[in-house]
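A look at the structure
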Amino acid sequence: PMPTAITFAPSGDIVAGCDDGSIKMFDGRAVAKGVTRANVEAKTAHMAGTETTCVRVSEDGRTLLSRGRDDTLKVWDVRKLS
């Protein structure tokens, strides 16, 4: 899947919404060292075959908002994202 939306969490983690409707979170420190594997992935965050168009993390890093081409806006608890 290709990223279609990217944001940074206050922790430095990178959150990517992808063209297959998934959301992936990457450890920002690991990415800086060349690791490109997501440490958390919600494969069915939005309807399969629809892209995730926007992702934002709250200032406290606990809540993630995502919007998909499936015409949904979802609120996620980052600690339970999978």
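A short tour of the structure in this document, coming up. (Residues numbered from 1 in each chain as written. Predicted model: local features only at pLDDT ≥ 70, side-chain atom pairs only at ≥ 80, totals over all residues. Heavy atoms only, no water.)

Considerations on the sheet that holds strand β3 (residues 23–26)
- Read across the sheet, four strands follow the order β1-β2-β3-β4 without closing on themselves; strand pairing throughout is antiparallel. Edge strands, defined here as strands with exactly one partner in the open sheet, are β1 (3–8) and β4 (40–42). Shown here is a sheet whose adjacent strand axes are inclined to one another by a mean of 15°, direction ignored. (Pairing = 2+ DSSP bridges. Helix = DSSP H or I, 4+ residues; strand = E, 2+ residues; numbered from the N terminus. Axes fitted to C-alpha atoms, helices over the stretch in contact; angles between N-to-C directions.)

What about the sheet that holds strand β5 (residues 52–57)?
- Reading across from one edge, β5-β6-β7 is the order of the three strands in this open sheet, with antiparallel pairing throughout. Edge positions in the sheet fall to β5 and β7 (72–77), since each has one partner strand and no second. Each strand of the sheet is rotated relative to its neighbour by a mean of 20°, with strand direction disregarded.
- Pairing analysis gives five bridges linking β5 to strand β6 (residues 63–68), with the strands arranged antiparallel. Note that in β6 the partner of Thr 52 across the bridge is Gly 68.

A look at the pattern of salt bridges
- For the structure on display, the rule yields five salt bridges.
- With its nearest N and O atoms 3.0 Å apart, the salt bridge here joins Lys 24 to Glu 41. Of this pair, Lys 24 sits in strand β3 while Glu 41 sits in strand β4, placing them 17 residues apart in sequence.
- Overall, the relative accessible area of 28% leaves Glu 41 in the partly exposed class. (Salt bridge = Lys/Arg side-chain N within 4 Å of Asp/Glu carboxyl O. Buried < 20%, exposed > 50% of the residue type's maximum accessible area, 1.4 Å probe, protein only.)

Details of the environment of Arg 62
- With respect to the helices and strands, the residue Arg 62 is situated in the loop between β5 and β6.
- By relative accessible area, Arg 62 is classed as partly exposed at 47%.
- For the pair Arg 62 and Thr 36, spaced 26 residues apart in sequence, the C-alpha separation works out to 23 Å.
- Setting aside residues up to four positions removed in sequence, Arg 62 forms contacts with Trp 76, Asp 77, Val 78 and Arg 79. (Contact = heavy atoms within 4.5 Å.)

The values reported here are purely geometric and, on their own, carry no functional implication.
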